Amino acid sequence: MPISAFLTDASVCIGCKACEVACKEWNHIPDDGFEWSGQSYDNTHALGASTWRHVLFLEEKQPMGPQLAGIEEPFRWQFLSDVCKHCENAGCLEACPTGAIIRTEVESVYVQNDVCNGCGYCVVSCPFGVVDKNHEVGTAFKCTFCYDRQRDGLMPACAKACPTQSIRFGELEELRQEAQVRVKELQDRGYNDAQIYDPTGSSVGGTHAIFVILGQPEAYNFPPAPEVPTIHMKSAWSAALVSALVVVLVVCLAFVL
Amino acid sequence: MTHYTNASIILPEEFKDTEDLGGVFSGWDAKDRRYDGSSWLYGACVQGGRVAPRDAGPHSGHCKDGAGAAADLGECECDPTLSHPRCVYQVVKRHYARYTPELVERFCGVPRERFLKIAETFCSASGPEKTGAICYALGWTQQSKGPQIIRAAAILQMLLGNIGRPGGGILALRGHASIQGSTDIPTLYDILPGYLPMPNLGLNSHNLADYVATYRDPTGWWWNFDKYIVSLLKAYYGEGAKKENDWGFNWLPRVTGDHSHQGYFLEMLDDKVEGLFVMGQNPAVAGPNSRLERKALSKLKWLVVRDLVELETASFWYDSPEVERGELRPEEIATEVFLLPAAGHAEKDGCFTNTQRLLQWHQKAVDPPGDARNETWFMYHLGRRLKEKAKQDPRPRNAGLSALTWDYSLEGTMQEPKVEEVLQEINGYAVADHTLVSGFNELKADGSTACGCWIYSGVFPRPGENRANQRNSQDLWGHGWGFAWPADRRILYNRASARPDGRPWSERKKLVWWNEQNKEWTGLDVPDFTRTKAPNYQPPKHAQGDEALAGDKPFILHPDGTAWIFAPKGLADGPLPTHYEGLEAPVSNPLYPDQPSNPAAMRDERPENRYASSPDERFPCVMSTYRLTEHHTSGAMSRMLPHLAELQPEFFCEISPELASERGIENGGWVTLMTPRGIVEARALVTRRMRPLLINGKMVHQVGVPYHWGYRGLVKGDSANDLVALSEEPNVRIMEAKGILCDVAPGRRARGKAALDQWNAHLRRK
């Protein structure tokens, strides 16, 4: 099976939030309450149990590519639709004790709510802060990559609704190449800080949702080097083993001496 | 420019520019505050005297060329060298000589370098190999001189050669799905379908012959005017429309005054309107000076509201701010409100026309719930019942109603009229055997054809061939997808995409051209030109209609076949765009101190609709209303839906960090906004996106105010339109909602009646 992936391009996002609405409509997700944030046009705040696409609004004192350079004080308004990364090595999946979180045939990471026992280990194990527990329902929720739609040969609702093709859906390696072409095109046009966010070098081993961004990943709440918590398992277990041996040794010595 | 525009026309000596008369053009009547435009006509001097203007009554900016026929243009002289001091080119050059980058910087607050960079960039998109387009939205139109701003863009595009060519043009970004459609087949009071003028009471419209003589042009495409109006009357009145009764012309209602939205709400406030139908509109939130409009609603005897939910317009009598403040008392309001549930767009068949003039059919996906019905159902069955009543009462006033054709077939359990039959009627048919016509060239003035809207003719040329429903795009221009009026031409005036001799300007930008071998126009689009008229065609003397236009005149709807840099006809406020400030402004007009704002605009000033002076110390900030992506206009369709309401849950205004620190306002805090019309409170969004402007040495703060909230729905808030004045631009009667004066104070407004006291105290401040 090909690996399904998203390529989300901040340089063409217009901040319309059609992806957020399409996602909620298709997946029957409830609203998050009617709370105004005062943070640009972002009243969604963050990804969560009932927000599987989140459009981030970034007001930055940075020049917008080559536009009017040197004439006015630099300023740009950036938008980006964030989503579950469907990591190659998924922290949530590895932490799940019940097997509720599985990898599907399109290589996406899927939470089976009827199996989930609501322990919340996945919530703390996600390096991107994506997975969240719905405390009313008692189980964990996150983007399903519209698994039901994909099974029927349809693209995910967010990609379908995106009016500017900022959200592209396709095969991972093809999208990786497209992202490179896009970044080069942007750089040639004077957007020198265009780059791909796809942390292949870290322990997550790359993601199935990659991004074209302008500026640094931190500005978009992306960790520059995300780590899967399970990489610390070996050292943690070794330390535990050593401690246990020491305790046993001390106890034995107590009898001997 | 010399071939395709009127740059070379020599204007009469009688014409005087704003530069000569201190801010008004010749013909200004200061008493009546309107223009007599006869000195703007080309030929006024050549004919040895002024052409007597033919008064066509109240001015309409929506119809074919405004009020009156362009026939009055008269004979004219040209100077192809463009050097004659009175030729349009030289007049325009003098008119704009004082509009320098320095003036732009000083009075618009746009830095000189920035202006020059934009100007240079845009001007580089011109010439045989390049074109540039101008897109605009309501920031340009909702002003006391909106159409003139768009005219300025048109002049620019004419000078750059960017009209009628691929990638050129001026594109209106509309605020709704079918705003274009609602002017083509109008929801406006002053035009009939296809931009035919609505007849005015008593003026050149006693009978059809007078009306046709007034509006038909002897030269150019509008020579066919009589065919279109007679075919329309045949579509309306069927067999009842006969030659003897002027095809039923006198059954058409007459325009007796200003029946625009603003006009009729003022009349309503003055107890002159008995009842009102409101369909798909929410004036209690979206109307300018919505406080005034809500009070006006309370003067009605009856009000019918058809919408998806009970919106503010239907509930004003028990939960509006005026009720809370004691200005309106429910027990004293005699308005009987009928709320009828309407169907949404996915619950009905129909057609949208977008800004590219593209008709796109949409199919009903589901039946509307419960008693909800679509508009076609409502209008059809209302008409049917009225016609049945009229049958019992054969008074002459009912003759037109009785004659109306009303014979659509009904389908389904809901007895919905078949909407495709309406589209067929719009397309037109031969009266004798009801054969559909293939286009407007088949329409006749002898009553043998009927057509509901001539410009749409061809959309349904044969039974079963609904071209609005085409979904097979075959080329870059989208032919095969939908139907672009007229005649599926994707780019209007596309004859201008070829040189005067008929060859394309360039290979890269070719669109239509003259094929010398076949002796016809051909190309990638449907030519907007008579197919066999050669580029070197010269009209014989006294030719009429399209035959009177030479082979190098692409603008066939104009009687002279040229694009009008100088508009001799059609505008109520002058032949050239001129700088005026808004009706309220933080500065006086630097060019014409005696004419601060558009002199022909109507302020409709009265106690309920007061204005600030320009400038006004009580109201130092400049506000503009606008919309957010997350909501739809008054919010009636979006504030009720949780997935949209949560995205923009509260009324806020946007201010700069400078204004925030000057007034002690914190991001996320509350502010009170006041104008001479009203008082509202909003949350403050402090953002660098808003910037103060340095205007004539003075720091002027801007306030951005989205207008989606009202007193009902999942998310509520005060309405920004309480702040806007009800004013009327003279051509199309739109209000000024951009660049009006306001004040911003930290903190919430007072509750109840105390809010009025707070507001009045501010108004009394010196």
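Along each chain, the written sequence defines residue order, and numbers are assigned to residues from 1. Each chain is given a letter, starting from A, and each ligand a number, starting from 1, according to the order in which they appear as written. Reporting of local features is limited, given that this is a predicted model, to residues whose pLDDT is at least 70; pairs of side-chain atoms are given and counted only at 80 or more, and all residues count toward the totals for whole chains, interfaces and linings.

(A) Spatial organisation of the overall build of chain A. Counting its secondary structure elements, chain A contains seven helices and 10 strands. Referenced to the eigenvectors of the C-alpha coordinate spread, the extents of chain A come out at roughly 85 × 40 × 40 Å. Put simply, a residue is buried when 20 or more other C-beta atoms lie within 10 Å of its own C-beta and exposed when 12 or fewer do; between those, it is partly exposed, and each C-beta is set from the backbone. Taken over 257 residues, chain A has a buried fraction of 38%. By definition, residues are in contact whenever their C-beta atoms, placed on the basis of the backbone, come within 7 Å of each other. Of the contacts formed within chain A by residues at least 6 apart in sequence, a portion of 63% connects residues at least 24 apart. Runs of E in the DSSP output that reach at least two residues are strands. Runs of H or I that reach at least four are helices, and both are numbered from the N terminus.

(B) View of the overall build of chain B. Within chain B, the regular secondary structure consists of 20 helices and 26 strands. Radius of gyration: C-alpha atoms only; globule rule: 2.2 Å multiplied by the number of residues to the exponent 0.38. Relative to the globule expectation of 27 Å for 766 residues, the C-alpha radius of gyration of chain B, 27 Å, shows essentially globular dimensions. Principal-axis analysis of the C-alpha atoms gives chain B an extent of 75 × 70 × 50 Å. The contacts in chain B between residues at least 6 apart in sequence include a share of 67% that link residues at least 24 apart.

(C) How the structure looks around helix α9 (residues 225-237) of chain B. All names here are of chain B. The length a helix should cover is 1.5 Å for every residue beyond the first. For α9, with 13 residues, the first-to-last C-alpha span of 18 Å sits near the 18 Å given by 1.5 Å per residue. Of all 13 residues making up α9, 13 are buried, and the element is well covered by its neighbours. Trailing α9 by a residue or two, Gly238 shows a phi angle of about 55°, which is positive.

(D) Seen up close, the domain arrangement of chain A. Domains are outlined according to an automatic or database domain assignment. The assigned domain composition of chain A is domain 1 (4-226) and domain 2 (232-257). Computed over C-alpha atoms only, the centres of domain 1 of chain A and domain 2 of chain A are separated by 44 Å.

(E) Looking closely at the packing of helix α3 (residues 101-108) of chain B against helix α4 (residues 112-123) of chain B. Residue and element names in this part refer to chain B. Only the stretch in contact is used when a helix axis is fitted, and all axes are lines through C-alpha atoms; the angle between N-to-C directions ranges over 0 to 180 degrees. Direction vectors running N to C along α3 and α4 enclose 125°, while the axes themselves pass 8 Å from each other. As summarised for this structure, α3 and α4 are arranged oblique, according to the angle between their axes. For the element pair α3 and α4, the recorded crossing hand is right-handed. Residues Pro101, Glu102, Val104 and Glu105 of α3 touch α4, and the partners they reach there are Arg112, Phe115 and Leu116. For the contact of α3 with α4, a count of residues per class yields four nonpolar, no polar and three charged. Orientation categories follow fixed angle ranges, with anything under 35 degrees roughly parallel, anything over 145 roughly antiparallel, 65 to 115 roughly perpendicular, and all other angles oblique. Crossing chirality is assigned from the near helix's rotation relative to the far helix, an anticlockwise turn below a right angle marking it left-handed and a clockwise turn marking it right-handed. Side-chain classes follow a simple rule in which Ala, Val, Leu, Ile, Met, Phe, Trp, Tyr, Cys and Pro form the nonpolar group, Asp, Glu, Lys and Arg form the charged group, and the remainder, Gly included, forms the polar group.

(F) Fine view of the sheet that holds strand β16 (residues 483-484) of chain B. All names here are of chain B. Any two strands are treated as partners once DSSP identifies two or more bridges connecting them. Within the open sheet, the three strands sit side by side as β10-β11-β16. Their pairing is antiparallel. Bordering the open sheet on either side are β10 (350-353) and β16, each of which pairs with just one other strand. Taken together, the four bridges between β10 and strand β11 (residues 358-362) define a ladder with antiparallel strand orientation. For Phe352, the partnering residue across the bridge sits in β11 and is Gln360.

(G) A look at the confidence of the model for chain B. All names here are of chain B. Within chain B, residue pLDDT values average 93, and 96% of them lie at 70 or more. Long-range and interchain partners of residues 45-57, a stretch whose pLDDT sits below 50, account for 38 contacts in this model, where long-range means more than four residues apart. Per residue, pLDDT measures the predictor's confidence, with a range of 0 to 100. Considering only residues more than four positions removed or in separate chains, one finds that residues 66-71, a stretch of pLDDT under 50, has 28 contacts.

(H) Molecular detail of the domain arrangement of chain B. Domain annotation for chain B reports domain 1 (18-172) and domain 2 (621-764). Those elements that place two or more of their residues in the side of domain 1 of chain B that touches domain 2 of chain B are α3, α5 (138-141) and α6 (146-160) of chain B.

(I) Here's a closer look at the interface of chain B and chain A. Contacts between the two partners involve 25 residues from chain B, matched on the other side by 21 residues from chain A. Those elements that place two or more of their residues in the side of chain B that touches chain A are α4, α18 (642-645) and β22 (679-686) of chain B. Among the elements that line the side of chain B that touches chain A, the one with the most residues is α18 of chain B, at four residues. Partitioning the side of chain B that touches chain A into residue classes produces 10 nonpolar, six polar and nine charged.

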